[in-house]
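Structural features, examined
These are the residues of each chain, in order.
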Amino acid sequence: MATNFLWGGSIAAHQCEGSWQAGDKGPAIMDFVTKGSKQSAREITSTILSDKEYPSHKGIDFYNRYQEDIALFKEMGFTALRISIDWSRIFPKGDETLPNQTGLDYYERVIDTLIENKIEPIVTLYHFEMPIHLVHAYGSWANRQLVEFYLHYCETVMRHFDGKVKYWVTFNETNHLVPETQEADIFTYLVAGLKYSEMQNPDEELAMIGYHMCLASVKAVRLAHEINVDNVVGCVFGLNPIYPVNCDPENVLKAYLENEEDYYQIDAMCNGAFPRYKLQEYKKKGIEIFISEEDKQDFKMGRIDFIGLNYYMSSVSAPKLEAGEGKSIFGGMPNPYLAQSKWGWGIDSVGIRYTMNYLYRKYSLPLIITENGLGAIDTLGEDKTIHDQYRMDYLTKHIDAVEKAMKEDNVECFGYLVWGPIDLVSASTGEMSKRYGFIYVDLDDAGNGKMDRYKKDSFYWFKETIERKKAGNVKK
Ligand code: BG6
């Protein structure tokens, strides 16, 4: 690993900040999503209901405690932290001309604190965070006008933080626009603030949303490079390899094609054009996408500089769907060769190496692991210790696999960021009890707790791991 290899973690504004109305922040899509659980989906309400728990409203109070939290990241030896800027703090409604200074000031304080601590800020511009007004007034990303609003927001923050932020991420996991899965409602909502089941013409809407987001990304990359040639801009995708259930060629092909559904946006952002095979697929469904000459130019000139990989698990493609059984983003079938997390995610460290190889050989772009980790139930002992050997086991195996991809397979990768280095709200379930962190946050699913922070065993382990890896580099 190169000496400048980045070690650290990733967090997202709506999952940690809380203070959902502070500093003139506008209401954003996730502010309307209640707590769910492994058994029951999160509810999406049209107004805020007093008898419901909305985890984004409180988060883990990172908004007020960022200094304390960044000090803990520093203590662990982080050299990078991926944060997201919440669009609704900068433009409360999304379509304003002038930004909200209080929002810019808040992120400036966070970014300055990172820089003072020699932690490289990696800024995601859109991590499931969009002003709800853009959904109500414009119909979200199905409307091309969203591209302009997004670019205005990007330009505002890129200029404001020019010279302080070098690494930008245009979007987080827009590839989860997958129809007909058990989790379609929450996933189309996370990505675009729209429930799949309420779409009038879902195929067409998903096609338009996907196209506009790809266009917005390539335009944002061009813009970032124009603002500062030193800007390094990527996009982050959540990928879990889909394995065939057996070697029947029909099943191998089925798994391959399911896997590829996640890749058309990456193709669009890396190959210099929106993929022809996708346009043909739309055409067969009667969907025409208007691509202007200017769009074509943007796709050519706005290729991303790196790919961010969020990796948690692998999936198995079922041979055929049984009646009543839906396809699932989180793996259709359990893999008999793998253990599963408490949330049913197949624990597969080989899968990260597989996916890194697949991405690198397909696109020849540097990778960064932008998210990886184990969601687990942790118990705070009376002596305030947390013994999370399971998390260390998971991470050790995954870090080993990343190193193998780099050393043995020659994949170019410039960093490894753990998801949720401090416990935060789960995106899919809204639970606090699904914890990923090295730092325990005293808050339960019902919102009780003082939000005090405690170091888990893995805190010391990760600190030691980073030290050891860095020392290994120096010796070479
Ligand atoms: C990624 C998202 O998909 O997975 C994060 O980018 C999310 O926002 C993470 O939190 C883990 O998923 P979950 O549902 O366990 O929080």
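Residues numbered from 1 in each chain as written. Predicted model: local features only at pLDDT ≥ 70, side-chain atom pairs only at ≥ 80, totals over all residues. Heavy atoms only, no water.

The name given to the chain in an unreviewed UniProt entry is Family 1 glycosylhydrolase, with the source organism recorded as Candidatus Enterococcus myersii. As recorded by UniProt, the Sequence similarities (unreviewed entry) comment attached to the chain reads in full: "Belongs to the glycosyl hydrolase 1 family." (UniProt positions renumbered as here; feature names shortened; annotations may be inferred.)

**Overview of helix α14 (residues 349–363)**
With 15 residues, α14 should cover 21 Å at 1.5 Å per step; its first-to-last C-alpha distance of 22 Å lies within 8% of that length. Along α14, the positions that sit buried rather than exposed are Ser-349, Gly-351, Ile-352, Thr-355, Met-356, Asn-357, Leu-359, Tyr-360 and Tyr-363. Summarising the contacts, the buried residues of α14 are in contact with β6 (242–244), α11 (264–270), β7 (306–310), β9 (367–371), α15 (389–407) and β10 (413–419). (Helix = DSSP H or I, 4+ residues; strand = E, 2+ residues; numbered from the N terminus. Expected span 1.5 Å × (residues − 1). Buried < 20%, exposed > 50% of the residue type's maximum accessible area, 1.4 Å probe, protein only. Contact = heavy atoms within 4.5 Å.)

**Points about the packing of aromatic side chains**
Scanning the model with the defined rule gives 34 aromatic pairs in all. Centre to centre, the rings of Tyr-126 and Trp-141 are 5.9 Å apart; their planes meet at 75°, and the pair counts as edge-to-face. Of the two residues, Tyr-126 is situated in the loop between β3 (120–124) and α6 (132–138) and Trp-141 in the loop between α6 and α7 (145–160); the sequence distance between them amounts to 15 residues. For Tyr-126, a relative accessible area of 1% translates into the label buried. We classify Trp-141 as buried; its relative accessible area is 0%. Aromatic rings pair up to connect Phe-5, Trp-7, Phe-73, Phe-78, Tyr-416, Phe-438, Trp-461 and Phe-462 into one cluster. A cation over an aromatic ring shows up here: Arg-89 above the ring of Tyr-106, its NZ or CZ 5.6 Å from the ring centre. Positioned above the aromatic ring of Trp-345, the side-chain terminus of Lys-434 is 3.7 Å from the ring centre. (Phe/Tyr/Trp six-rings, centres within 6.5 Å; stacked < 30°, edge-to-face > 60°. Lys NZ or Arg CZ within 6 Å of the ring centre and 35° of its normal.)

**Observations regarding the UniProt feature "active site" (unreviewed entry) in the chain**
Per the UniProt record, the feature "active site" (unreviewed entry) sits at Glu-371. In this structure, Glu-371 sits in strand β9. Among the residues examined, Glu-371 registers a relative accessible area of 5% and is labelled buried. Leaving out residues up to four positions away in the same chain, Glu-371 has contacts with Ser-10, Arg-82, His-127, Asn-172, Glu-173, Leu-309, Asn-310, Tyr-311, Tyr-312, Leu-417 and Trp-419.

**Concerning the site of the ligand**
Taken together, the neighbourhood of the ligand is formed by 15 residues, with Glu-173, Ala-427, Ser-428, Lys-434 and Tyr-436 sitting nearest. Contact between the ligand and Gln-15: an oxygen atom at 2.8 Å from a side-chain N or O atom of the residue. One nitrogen or oxygen atom from the main chain of Ala-427 is found 2.7 Å from an oxygen atom belonging to the ligand. A total of 370 Å² of accessible area belongs to the ligand in isolation, and the protein chains cover 95% of it. When atom positions are compared with the pocket grids, the ligand is found to occupy the largest cavity. Taken together, the residues of the shell around the ligand sort by class into six nonpolar, six polar and three charged. (Near = heavy atom within 4 Å. Polar contact = N/O pair within 3.5 Å; in protein donor to acceptor, adjacent residues only side chain to side chain. Areas by Shrake-Rupley, 256 points an atom, 1.4 Å probe, with all protein chains shown as cover. 1 Å grid on protein atoms, 1.4 Å probe; cavity = no way out; pocket = protein on both sides within 12 Å on 5 of 7 lines; lining within 4 Å. Sits in = over half its atoms within 2 Å of the grid points. Nonpolar A, V, L, I, M, F, W, Y, C, P; charged D, E, K, R; others polar.)

**Describing the packing of α7 against helix α9 (residues 202–227)**
The N-to-C vectors of α7 and α9 enclose an angle of 30°; their axes lie 10 Å apart at closest approach. By the angle between their axes, α7 is roughly parallel relative to α9. Relative to α9, the crossing made by α7 is right-handed. Contact residues: Val-147, Tyr-150, Leu-151, Cys-154, Glu-155, Met-158 and Arg-159 in α7; His-212, Ala-216, Lys-219, Ala-220, Leu-223, Ala-224 and Ile-227 in α9. Within the contact of α7 with α9, the residues separate by chemical class into 10 nonpolar, one polar and three charged. (Axes fitted to C-alpha atoms, helices over the stretch in contact; angles between N-to-C directions. Parallel < 35°, antiparallel > 145°, perpendicular 65-115°, else oblique. Left-handed = near helix turned anticlockwise from the far one by under 90°.)

**Overview of the pattern of salt bridges**
Counting across every chain of the model gives 30 salt bridges. Among the ionic pairs, Lys-469 bridges to Glu-403, the shortest N-O distance being 3.0 Å. Taken as a pair, Lys-469 in helix α16 (residues 457–475) and Glu-403 in helix α15 lie far apart in primary sequence, 66 residues in all. Glu-403 matches Lys-469 in its accessibility class, with the two residues each being buried. Because the salt bridges share partners, they merge into one network encompassing Asp-378, Asp-388, Arg-391, Asp-423, Arg-435 and Lys-456. (Salt bridge = Lys/Arg side-chain N within 4 Å of Asp/Glu carboxyl O.)

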